[in-house]
Amino acid sequence: MYAPPPAAAPGGAARSGLAASGPILAICCLLFILFLIASTIVLALIPVYLSTRDSTSSSKSSPYTLTGTPGSIIGEDRKRTSYSALTEGSLDSSVPTAIANAMISALSLQSGSVLVDTCLISSSSSRKRRGFGLLREYRDTIPKLICLFRFEKTKCTKCGASSYLNSIKSFTMTASHKATPIGKSASIQLIILYSCVLSTSTSTATGESPSYLLTADPTAITDTSGKRADYQSFDADQELDSDSRTNTANAVISTLGLSSGAFLVDQCRTAYTTSRKRRGFDILREARATNGVKLFCKVRFDYAKCGRCSSTSYLQSISNFAITATQSIKISGESSVPKRIFTYSCKLTLSDAGYPTSTSGFTGAVSG
């Protein structure tokens, strides 16, 4: 006789289903816990990564400008001999390191906290003239030390704070470095007390550069009709007029790719570079100019319009170039001075010491 199977106890099916899904729930819980652990680790590493990236890419501050007014200037042996001022111009390559060390000492910073990129001696941009015509003279302020520097933020964490920068805007420092005192022909080791002003401007320097010498050797001259002229027949000891100087400045700006007004021409004059020699005998002797007449110009750079022009390495990279400019220069035998187109091979010297103030020494006088 058929007997039906015994009925399951109440809730038995539910318990068996729960038992069957238990391993799956355990695996899900384990994965969720692992996800939380991994997320925690990733979130914890994000700040570390960002700080590491910032320290490598932005470890140095923006460039700042240091202007130092020389106080006492004495020899390295600390003798009583002192100097009144420094000569304008670029400084020895060892000077940036010396200035950086002097700043670190004066500001009580950790070694390596200051990095000085470039330094030079320059006068203020404001210049006054006295006298009239060709007798006018430049009268400058006392030449000052101008340096472009940065802070190494990994060694000076407070140096990036504006409150700290404001607190050190004015300070004094004593630096030992090479410079050329007025009255000396070469640079010597000096100990100089500077009264310093810190500018948080990111410009490479302030004002204008010292006066440099641009020597232009003419390679071709043509008039408006295209007729060539002999550049050796220039009249020496000529001062170029304002329009010719402006055209010369614009020609340099165009050649070097500078901003308008970045290059300034103060004075220009023609002069023989060497004496002339003769060949032959008696009345048959013929004068032969070895180098002819060149153009000499006193020039400056405006740092506000050419920040890189304060860098000695940049100036050295543009020491030789060619220009074409329209100028008015008198040629021997002419009564008028027409405008002509001059092509020059130019050389830039970081000093105006070779500028001819007269034809003395540049006369081109005939010698036997």
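Predicted model, so just to flag it, every value in this text is computed and none were measured.

## Focus on the sheet that holds strand 9 (residues 212-222)
Ordered in space as 10-13-9-15-14, the 5 strands form an open sheet in which the pairing is antiparallel. Edge positions in the sheet fall to strand 10 (263-272) and strand 14 (320-328), since each has one partner strand and no second. Ignoring strand direction, the axes of neighbouring strands in this sheet form an average angle of 35°. In the sheet, strand 9 pairs with strand 15 (residues 339-349) via 9 bridges, with the strands oriented antiparallel. Looking at the pairing, Ala-216 lines up with Cys-346 of strand 15. Against the sheet, helix 4 (residues 242-256) makes contact with strand 9, strand 10, strand 14 and strand 15, and its axis sits at roughly 150° relative to strand 14, the strand it touches most.

## Things to note about the pattern of salt bridges
According to the stated counting rule, one finds 6 salt bridges in the structure shown. Salt-bridge contacts for Arg-269 lead to Glu-239; the nearest nitrogen and oxygen are separated by 2.7 Å. Of this pair, Arg-269 sits in strand 10 while Glu-239 sits in the loop between strand 9 and helix 4, placing them 30 residues apart in sequence. Owing to a relative accessible area of 8%, Arg-269 belongs among the buried residues under this scheme. Residue Glu-239 is classed as partly exposed on the basis of its relative accessible area, which comes to 31%. Residue Arg-300 pairs with Asp-266 through a salt bridge whose shortest N-O separation is 2.6 Å. A residue pair is termed long-range when its members are at least 10 positions apart, and Arg-300 in strand 13 (residues 293-301) and Asp-266 in strand 10 qualify at 34 residues. The two residues Arg-300 and Asp-266 agree in class, both being buried.

## Thoughts on helix 2 (residues 95-107)
Because each turn of an α-helix spans 3.6 residues, side chains separated by three or four positions in sequence point in the same direction. With 13 residues, helix 2 should cover 18 Å at 1.5 Å per step; its first-to-last C-alpha distance of 18 Å lies within 8% of that length. Of the residues making up helix 2, those classed as buried are Val-95, Pro-96, Ala-98, Ile-99, Ala-100, Ala-102, Met-103, Ile-104 and Leu-107. Those residues of helix 2 that are buried are in contact with strand 1 (64-75), strand 3 (114-122), strand 6 (144-151), helix 3 (162-167), strand 7 (170-179) and strand 8 (188-199). Just past helix 2, the residue Ser-108 takes up positive phi, approximately 55°.

## Comments concerning the pairing of strand 9
When a strand is regular, its side chains alternate between the sheet's two faces. Across the 11 residues that make up strand 9, a large majority, 8, are buried. Here strand 9 pairs with strand 13 via 5 bridges, running antiparallel. Note on strand 13: the bridge partner recorded for Tyr-212 is Val-299.

## Details of the pairing of strand 7
A one-sided burial pattern is seen for strand 7, the buried positions being Phe-171, Met-173, Ala-175, His-177 and Ala-179 and the unburied ones Ser-170, Thr-172, Thr-174, Ser-176 and Lys-178. Bridge count between strand 7 and strand 8: 10 bridges; the pairing is antiparallel. Looking at strand 8, one finds that Ala-175 is bridged to Ile-192.

## Some remarks on helix 4
When the terminal C-alpha atoms of helix 4 are compared, their 21 Å separation across 15 residues agrees well with the 21 Å that a helix rising 1.5 Å per residue should span. Residues of helix 4 that are buried: Ser-244, Thr-248, Ala-249, Ala-251, Val-252, Ile-253 and Leu-256. The elements touched by buried residues of helix 4 are strand 9, strand 10, helix 5 (312-317) and strand 14.

## Considering the nonpolar core
Grouped together as the largest cluster of nonpolar side chains are 36 residues, with contacts concentrated most on Ile-99 and Met-173. The element best represented in this core is helix 2, accounting for 7 residues. Discounting residues that sit within four places of it in the chain, Met-173 has contacts with Leu-66, Ile-99, Ala-102, Met-103, Ala-106, Leu-145, Ile-192, Leu-193, Tyr-194 and Cys-196. Val-265, Cys-297, Val-299 and Phe-342 belong to the second-largest nonpolar core, a separate cluster that totals 35 residues.

## Observations regarding the environment of Ala-251
By the element assignment, Ala-251 lies in helix 4. In sequence terms Ala-251 and Phe-263 are 12 residues apart; their C-alpha atoms lie 9.7 Å from each other. The residues touching Ala-251, leaving out its near neighbours within four places in the chain, are Ile-323, Thr-324 and Ala-325.

## Examining the environment of Ser-199
Its location among the elements puts Ser-199 in strand 8. Here Ser-199 falls in the partly exposed class, since its relative accessible area comes to 26%. Sequence spacing of Ser-199 and Thr-65 is 134 residues, and the spatial spacing of their C-alpha atoms is 5.1 Å. If we ignore the near neighbours within four places in the chain, the residues touching Ser-199 are Tyr-64 and Thr-65.

## A short note on the state of the cysteines
Applying the stated rule across the entire model yields 4 disulfides. Bridging Cys-119 to Cys-147, the disulfide has an S-S length of 2.1 Å. Here the S-S torsion is close to 110°, and the disulfide linking Cys-119 with Cys-147 is therefore right-handed. Taken together, the residues Cys-119 in strand 3 and Cys-147 in strand 6 connect sequence positions 28 residues apart. Taking relative accessible area as the criterion, Cys-119 reaches 5% and is therefore assigned buried.

## What to know about the side chain of Gln-327
Mapped onto the fold, Gln-327 is located in strand 14. A distance of 2.7 Å separates polar atoms of two side chains, one belonging to Gln-327 and the other to Thr-248. Filtering out sequence-adjacent residues up to four positions away, Gln-327 remains in contact with Leu-240, Ser-244, Thr-248, Leu-295, Pro-338, Lys-339, Arg-340, Phe-342 and Tyr-344.

Rules and cut-offs
Position numbers for residues count from 1 along each chain, tracking the sequence in the order it is written. For this predicted model, a pLDDT threshold of at least 70 governs which residues receive local features, and a threshold of 80 or more governs which side-chain atom pairs are given and counted, while totals over whole chains, interfaces and linings are taken from all residues. Processing note: side-chain calculations cover all non-hydrogen atoms of the structure and skip hydrogens and water entirely. Should DSSP find at least two bridges between two strands, the strands are regarded as paired. Helical segments are the DSSP runs of H or I of at least four residues, strand segments are the runs of E of at least two, and each set is numbered from the N terminus. Between N-to-C directions, angles span 0 to 180 degrees; the directions come from axes that are lines fitted to C-alpha atoms, helices contributing only their stretch in contact. We call two residues in contact whenever any of their non-hydrogen atoms come within 4.5 Å of each other. When a carboxyl oxygen of Asp or Glu lies within 4 Å of a side-chain nitrogen of Lys or Arg, that pair is called a salt bridge. Partly exposed residues are those whose accessible area sits between 20% and 50% of the maximum for their type, while under 20% is buried and over 50% is exposed, using a 1.4 Å probe and protein chains only. Multiplying 1.5 Å by the helix residue count minus one yields the expected span of that helix. Definition of nonpolar core: a set of buried residues of the types Ala, Val, Leu, Ile, Met, Phe, Trp, Tyr and Cys, connected through side-chain atoms within 4.5 Å. Note on terminology: disulfide denotes any pair of cysteine sulfur atoms within 2.5 Å. Polar contacts, as used here, are pairs of N or O atoms within 3.5 Å; protein pairs need one atom able to donate a hydrogen and one able to accept it. Residues neighboring in sequence count only if both atoms are side-chain atoms.

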